[in-house]
Amino acid sequence: ASEYPNSKDLMLLQVDLYSKLNKISEAIANLEPALAKDPSNDYLFYVLGYLNQKLNNTDKAVEAFKKALALKPDKYDYNYEIGATYYNQGGAIA
């Protein structure tokens, strides 16, 4: 990927690889340049929310899911993920 720093596809492959290796912080670090290049991509915000959810960063996860929802209001998955994130946070507190 260092040979093709502007390739969003390679960035996303790295994000997927780091996620599968449970290197979530590295996945987020690789996702951020893709978001900078394509800030209107709702799916990238969804992935950011998912990764933050895995780190138990509830506020960041919800913020990312809300950005995804704002970009694509008809995507019910994003509303579900916001609710699931809050639900999971409540379960962790109890």
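Chains are numbered independently. Their residues run from 1 in the order of the written sequence. In view of the model being predicted, local features appear only for residues whose pLDDT reaches at least 70, and side-chain atom pairs are presented and counted only at 80 or more, with totals across whole chains, interfaces and linings using the full set of residues. Each side-chain value is worked out from all heavy atoms of the structure, with water and hydrogens disregarded.

K.L.:
Can you help me understand the pattern of salt bridges in this one?
P.N.:
As a working rule, side chains carrying opposite charge can pair if their charged atoms are close by. Salt bridge, as used here, is a side-chain nitrogen of Lys or Arg placed within 4 Å of a carboxyl oxygen of Asp or Glu. According to the stated counting rule, one finds two salt bridges in the structure shown. Measuring nitrogen to oxygen at the nearest pair gives 3.4 Å for the salt bridge that ties Lys67 to Glu63. Taken together, the residues span about one helical turn, with Lys67 and Glu63 both in helix H4 (residues 58-71) at a distance of four residues. Accessible area is worked out with a 1.4 Å probe on protein chains only. A residue is then buried under 20% of its type maximum, exposed over 50%, and partly exposed in between. Look at Lys67 and you get partly exposed, because its relative accessible area is 39%. Taking relative accessible area as the criterion, Glu63 reaches 44% and is therefore assigned partly exposed. The way it works is that DSSP assigns letters per residue, a run of H or I at least four long becomes a helix, a run of E at least two long becomes a strand, and they are numbered from the N terminus.

K.L.:
Help me out: how do you make sense of the environment of Ala34 in this one?
P.N.:
For Ala34, the position within the fold is in helix H2 (residues 24-37). Judged by relative accessible area, Ala34 falls into the buried class, the value being 0%. In this structure, the C-alpha to C-alpha distance between Ala34 and Val15, residues 19 residues apart in sequence, is 9.8 Å. Setting aside anything within four residues of it in sequence, one finds Ala34 in contact with Lys8, Met11, Leu12 and Leu44. By the convention used here, residues are in contact when the closest approach between their heavy atoms is within 4.5 Å.

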